[in-house]
Amino acid sequence: SSHNAPGWRFTAALAGTYASTTTVPVVTNPGVGTKLQVLMPGETYRRGSPTGKSDTPAPQVAGSTFTLTVNITDANWNIQPSSSALINLGTTDPWDTEEAGQPTVGGVANINHYFVTQTGVGWTITASTVSGSLVSGTGAPVLVNPDAADRLILVIPGETRVDGHSVGKTGT
């Protein structure tokens, strides 16, 4: 599978009486898969670029499912379609459920996830392989807005309100 099908074309030109010439397509292929890249909704994959992506993650809503992408890439962020792995996710949201053993197809895994806790600073997601064979990748921080209010929480002395917690508070 080629990285840039149908290929790159190169043109040589010299000012003066010489005509320019263009090569036939030159196909390049990605290198060996060495690392994982996490793309959040709102980000755009950019093969071969310094970071492998552009744009910023779109804010999410607590409790709403979104799909993120994990790519197996070579050292220059080119997707390695012949690589496969089982992907584990870890996040900085203290109350969410983290997916494990998600398969890649053609070097790519599209994984559904949702954050539980709102944050104005941003939660991150780190992808690693079950076998540990590839360098882990961490996505850019994602802002998480609260969902619409659907309950009241009574917090009495000795208790502390905790966003995202299953009962909304801790203590006795």
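Cut-offs used in this document
Residues numbered from 1 in each chain as written. Predicted model: local features only at pLDDT ≥ 70, side-chain atom pairs only at ≥ 80, totals over all residues. Heavy atoms only, no water. Helix = DSSP H or I, 4+ residues; strand = E, 2+ residues; numbered from the N terminus. Rg over C-alpha atoms; globule rule 2.2 N^0.38 Å. Buried < 20%, exposed > 50% of the residue type's maximum accessible area, 1.4 Å probe, protein only. Pairing = 2+ DSSP bridges. Patch = residues over 30% accessible without salt bridge, like charges linked within 9 Å, V, L, I, M, F, W, Y side chains within 5 Å. Areas by Shrake-Rupley, 256 points an atom, 1.4 Å probe, with all protein chains shown as cover. Salt bridge = Lys/Arg side-chain N within 4 Å of Asp/Glu carboxyl O. Axes fitted to C-alpha atoms, helices over the stretch in contact; angles between N-to-C directions. Core = buried A, V, L, I, M, F, W, Y, C linked by side-chain atoms within 4.5 Å. Contact = heavy atoms within 4.5 Å.

Draft legend 1. Structural detail: the overall build of the chain. Across its full length, the chain carries 0 helices and 16 strands. Computed over C-alpha atoms, the radius of gyration of the chain comes to 22 Å, more than 25% over the 16 Å expected from 2.2 N^0.38 for 172 residues, which places it beyond the range of a compact globule. In terms of overall dimensions, the chain has C-alpha extents of about 90 × 40 × 20 Å along its principal axes. Put simply, the chain has 172 residues, and 34% of those count as buried.

Draft legend 2. Spotlight on the pairing of strand 3 (residues 35–39). Across the 5 residues of strand 3, 5 count as buried, placing the element largely inside the fold. Alternating positions in strand 3 separate into two faces, Lys-35, Gln-37 and Leu-39 on one and Leu-36 and Val-38 on the other, with burial throughout. Bridge analysis of strand 3 against strand 7 (residues 66–73) gives 5 bridges, and the strand direction is antiparallel. Looking at the pairing, Leu-36 lines up with Ile-72 of strand 7.

Draft legend 3. Representation of a nonpolar patch on the surface in the model. A cluster of nonpolar side chains, Trp-8, Phe-10 and Val-26, forms an exposed patch at the surface whose accessible area comes to about 310 Å². Along the chain, Trp-8 turns up in the segment before strand 1 (11–12). Exposure remark for Trp-8: the relative accessible area of 45% places this residue in the partly exposed category.

Draft legend 4. Local environment of the sheet that holds strand 7. The 3 strands are arranged 3-7-10 in an open sheet whose pairing can be described as antiparallel. On the outer flanks of this sheet lie strand 3 and strand 10 (108–113), each paired with one strand and no other. Looking at each pair of strands side by side, their axes are set apart by 25 degrees on average, direction ignored.

Draft legend 5. Focus on the nonpolar core. Core analysis: the largest hydrophobic core is formed by 20 residues, its most contacted members being Met-40, Leu-68, Val-70, Ile-87, Leu-89 and Phe-115. Listing elements by their share of this core, those giving two or more residues are strand 3, strand 7, strand 8 (86–91), strand 10, strand 12 (125–129) and strand 14 (142–145). In terms of residue count, strand 7 provides more of this core than any other element does, 4 residues in total. Excluding residues that lie within four positions of it along the chain, Leu-89 makes contacts with Leu-68, Val-70, Glu-98, Glu-99, Ile-111, Ile-125, Thr-126 and Ala-127.

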